[in-house]
Amino acid sequence: MKVLVIGGGAREHALCRSLSLDPDVTALHCAPGNAGIAEVAELHPVDQLDGDAVARLATELGAGLVVVGPEAPLVAGVADAVRAIGIPVFGPSREAAELEGSKAFAKDVMAGAGVPTARSYVCTTPEEIDEALDAFGAPYVVKDDGLAAGKGVVVTDDLAQARAHALACDRVVIEEYLDGPEVSLFAITDGTTVLPLQPAQDFKRALDGDEGPNTGGMGAYSPLPWADPKLVDEVLATVLQPTVDELRRRGTPFSGLLYAGLAITGRGVRVIEFNARFGDPETQVVLARLRTPLAGVLLNSANGTLDDQAPLSWSDEAAVTVVVASHNYPDTPRTGDPIEGLAEVAEKDHPHAYVLHAGTKRDGGSVVSAGGRVLSVTATGTDLAQARERAYAAVGRIRLDGSQHRTDIARKAAEA
């Protein structure tokens, strides 16, 4: 099978790495990709928001499967354009991707499906915003209704900050604060059958101790030794399957990757948000533990044959990923800085640790930074403590001027 992956971040590098290890994948392509993905896939330039351009590229390559990585192409309808020419595609339709594209739509679907989530108000005027903020009180949770690359959410005790963020959005969802640890659970679905993956936890804040601004994610780990062993089954029954059933009932079946961001509260599991694609950086640790070859699972989702899929096989090992970000991230990041030490990691840490590229590009003979989150350094070990040790040893070999990373990814879970 020839596979084309759309995207160019660390999530797509993780997908490409797994697909490159699949014996059924005879040729692997990525558009537009990045400097790291170029080591495992052939890169092609494409406007990833242009469905017709993606469909043309898939046809030219003779792709048997197209995997759409990021949310923006999905919300733009790229999967629909590929499906329309008869090529199997992993990723939901534009209509179904509104589950991520609009927080208000997601709340409506959850209400219809009876899925437990935070109480919320959808606001479009200053008066509605003030009423909602007053109704819930601090901590204030304010979410831009549209796509914001993981940075459209403000959680704060500062009323002025919450109100300013709300006023800057065209439409905003203001909701009650959910206490308790957060969990990311992915599920692959064909619109009927739902196949959950292993849970992970990510770290959204920029600084150690969950301080600083929200980011797209600074690290992740899996498995979760503190989680109830029945968590996945419970979420499948109360969240994932009802949501997929509700979308199918509405005539907008969801096929692809359904991502549930969850809070484990004192009152039980509550959905914080849905995403319509693999999460970044959780994908890096979840795929590091997946033993089942990936391409066949994604193809079964695309073809509506997921009920034929054998149970997934998982490694008993733990995985940790640490994001190395550029200077000034998540504000305007500095780019163009050379990255050194990548060969050293490949030589000294393989196969237990490896580097997945996010915001990188080639500049002559060098790899340079080209975005906010630059690298995802991922490692496996017999437990979280060993995986952490290996990940941070590899991070220590990388040299990127002004770079930043958190030093406490998975620390609490490893010490528990």
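Refer to the structure above for everything that follows.
Quick summary incoming for the structure in this document. (Residues numbered from 1 in each chain as written. Predicted model: local features only at pLDDT ≥ 70, side-chain atom pairs only at ≥ 80, totals over all residues. Heavy atoms only, no water.)

What to know about the overall build of the protein
This is how it is decided: Runs of E in the DSSP output that reach at least two residues are strands. Runs of H or I that reach at least four are helices, and both are numbered from the N terminus. Here the globule rule is a power law, 2.2 Å times the number of residues to the power 0.38, and the radius of gyration is based on C-alpha atoms. Partly exposed describes any residue whose relative accessible area lies between the buried limit of under 20% and the exposed limit of over 50%, with all areas from a 1.4 Å probe on protein chains only and scaled to the type maximum. Residue contacts follow a heavy-atom distance rule, with two residues in contact if any of their heavy atoms lie within 4.5 Å. Note on areas: Shrake-Rupley, 1.4 Å probe, and residue coverage restricted to the protein chains presented here. In this tally, Asp and Glu contribute negative charge and Lys and Arg positive charge; neither His nor the terminal groups of the chain are included. Lys charges are placed at NZ, Arg charges at CZ, Asp charges at CG and Glu charges at CD.
Along its length, the protein carries 14 helices and 24 strands. Here the C-alpha radius of gyration of the protein, 20 Å, is about what a compact globule of 416 residues would show, namely 22 Å. Reported as C-alpha extents along the three principal axes, the dimensions of the protein are approximately 55 × 45 × 40 Å. Split into buried and exposed, the 416 residues of the protein put 57% on the buried side. The long-range share in the protein, meaning contacts at least 24 apart out of those at least 6 apart in sequence, stands at 69%. Accessible surface computed for the protein: about 16500 Å², of which carbon and sulfur atoms make up 48%. Taken together, the 36 basic and 58 acidic charged side chains of the protein have centroids lying 2 Å from each other.

Overview of the layout of surface pockets
Rule in force here: A cavity, in this analysis, means grid points on a 1 Å lattice covering only the protein atoms where a 1.4 Å probe fits yet has no way out; a pocket is instead an open set bounded by protein on both sides within 12 Å along at least five of seven lines, and a residue lines either one if it has an atom within 4 Å of a point. Grid points are joined across faces, edges and corners, and a volume is the space filled by probe spheres set on the points.
Of the volumes computed, that of the second largest pocket is approximately 460 Å³. Around the second largest pocket, the lining is made up of 20 residues, and of these H13, E39, A346, Y354 and V355 lie nearest the centre. Elements supplying a minimum of two residues to the lining of the second largest pocket: α1 (10-20), α12 (342-348) and β20 (353-357). Take the lining of the second largest pocket: its biggest share by element is five residues, from β20.

Overview of helix α11 (residues 294-303)
Counting buried positions along α11 yields seven of ten residues, so the element is predominantly enclosed. Taken together, the buried positions of α11 are occupied by L294, A295, V297, L298, N300, S301 and A302.

Observations concerning the environment of T335
Relative to the elements of secondary structure, T335 occurs in the loop between β18 (318-325) and β19 (339-340). The sequence separation of T335 and A295 amounts to 40 residues, and the corresponding C-alpha distance is 34 Å. When sequence neighbours within four positions are dropped, the list of residues in contact with T335 reads S369, A370 and G371.

Remarks on the side chain of T380
Along the polypeptide, T380 turns up in strand β23 (residues 373-381). Leave out the neighbours within four places in its chain, and T380 touches A288, E317, A318, A319, H352, A387 and R390.

A few points about the pattern of salt bridges
Selection rule: Counted as salt bridges are all cases of a side-chain nitrogen of Lys or Arg within 4 Å of a carboxyl oxygen of Asp or Glu.
Inspection of the entire model under this criterion finds 24 salt bridges. In this structure, R11 and E12 form a salt bridge, with 2.7 Å as the shortest nitrogen-oxygen distance. Take E12: its relative accessible area is 1%, and that puts it in the buried class. Close ionic contact of R250 with D108 constitutes a salt bridge, the shortest N to O distance being 3.0 Å. With R250 in the loop between α9 (231-249) and β16 (256-265) and D108 in helix α6 (residues 103-113), this pair connects stretches of sequence that are 142 residues apart. Since its relative accessible area comes to 42%, D108 is described here as partly exposed. If you follow the salt bridges from partner to partner, you end up with R11, E12, E71, E100 and R277 in one network.

What about the nonpolar core?
The tendency in soluble globular proteins is for nonpolar side chains to be buried side by side. Short version of the rule: Buried residues of nine kinds, namely Ala, Val, Leu, Ile, Met, Phe, Trp, Tyr and Cys, make up a nonpolar core once their side-chain atoms join them within 4.5 Å.
L4, V66 and V320 are the most contacted members of the largest nonpolar core, which has 75 residues in total. Tallying contributions element by element places α9 first for this core, with seven residues. Ignoring any residue separated from it by four or fewer positions in sequence, one finds V66 in contact with L4, I6, A58, V82, I87, P88, V89 and F90. Within the second largest apolar cluster, 39 residues are counted, among which are V5, L195, L298 and L306.

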